[in-house]
Amino acid sequence: QVQLVESGGGSAQAGGSLRLSCTASGRSFTNFAMGWFRQAPGKEREFVAAVGWSGTSRAYYADSVRDRFTVSADATKNTVNLQMNNLKPEDTGVYYCAADHFEDNKWEYWGQGTQVTVSS
């Protein structure tokens, strides 16, 4: 049973930081892309960041989070992390971890999501 489980969500003040983690289990994720998406209130789900499971590939970021968020993967711990700094109220939403087999942008596996709330 493949599972992606997010943790680390919560509340923060604008300008503060949160660190999200995604624990992956149930299969080998070799050659997968691991990504983060979010859905803000009243908005469609949007891409946030992604990196290869190996940790050696280039990381990709949405323009809205570039230079504030950092995505990383640690295959030895079966985890993917999203360090979020300089948070803004518009970062509020449910954050989802996802896995993309063969890095083909199809995102076959998804976690249940974790809430992030940023106040001004």
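Residues numbered from 1 in each chain as written. Predicted model: local features only at pLDDT ≥ 70, side-chain atom pairs only at ≥ 80, totals over all residues. Heavy atoms only, no water.

J.: How do you make sense of the packing of aromatic side chains when you look at a structure like this?
T.: Given two aromatic rings, one states the distance between the centres and the angle between the planes to describe the pair. One pass over the full model with this rule turns up 6 aromatic pairs. With centroids separated by 4.9 Å and ring planes inclined at 50°, the aromatic side chains of Phe37 and Trp110 adopt a geometry described as tilted. With Phe37 in strand 4 (residues 33-39) and Trp110 in strand 10 (residues 109-110), this pair connects stretches of sequence that are 73 residues apart. On the accessibility criterion, Phe37 (9% relative accessible area) is buried. Ring-pair connections join several aromatic residues into one group, and the members of that group are Phe29, Phe32, Trp53 and Tyr109. Cation over ring: Arg45 sits above Phe37, and NZ or CZ is 5.7 Å from the ring centre. (Phe/Tyr/Trp six-rings, centres within 6.5 Å; stacked < 30°, edge-to-face > 60°. Helix = DSSP H or I, 4+ residues; strand = E, 2+ residues; numbered from the N terminus. Buried < 20%, exposed > 50% of the residue type's maximum accessible area, 1.4 Å probe, protein only. Lys NZ or Arg CZ within 6 Å of the ring centre and 35° of its normal.)

J.: Explanation requested: the sheet that holds strand 3 (residues 18-25) in the structure shown.
T.: Hydrogen bonds along the backbone pair up the strands of a sheet, which may run parallel or antiparallel. Across the sheet, 4 strands lie side by side as 1-3-8-7; this open sheet has antiparallel pairing. Looking along the sheet, the strands with just one partner apiece sit at the ends: strand 1 (3-7) and strand 7 (69-74). On average, each strand axis in the sheet is tilted by 15° relative to the strand beside it, whichever way the strands run. As judged from the 6 bridges shared by strand 7 and strand 8 (residues 79-84), these two strands associate in the antiparallel manner. Within strand 8, the position partnered with Thr70 by the bridge is Gln83. (Pairing = 2+ DSSP bridges. Axes fitted to C-alpha atoms, helices over the stretch in contact; angles between N-to-C directions.)

J.: What should I look at first to understand the environment of Ser57 in this one?
T.: By the secondary structure assignment, Ser57 is in the loop between strand 5 (46-52) and strand 6 (60-61). Distance from Ser57 to Ala33, taken between C-alpha atoms, is 9.2 Å for residues 24 residues apart in sequence. Apart from residues lying up to four places away in sequence, Ser57 is in contact with Val51 and Gly52. (Contact = heavy atoms within 4.5 Å.)

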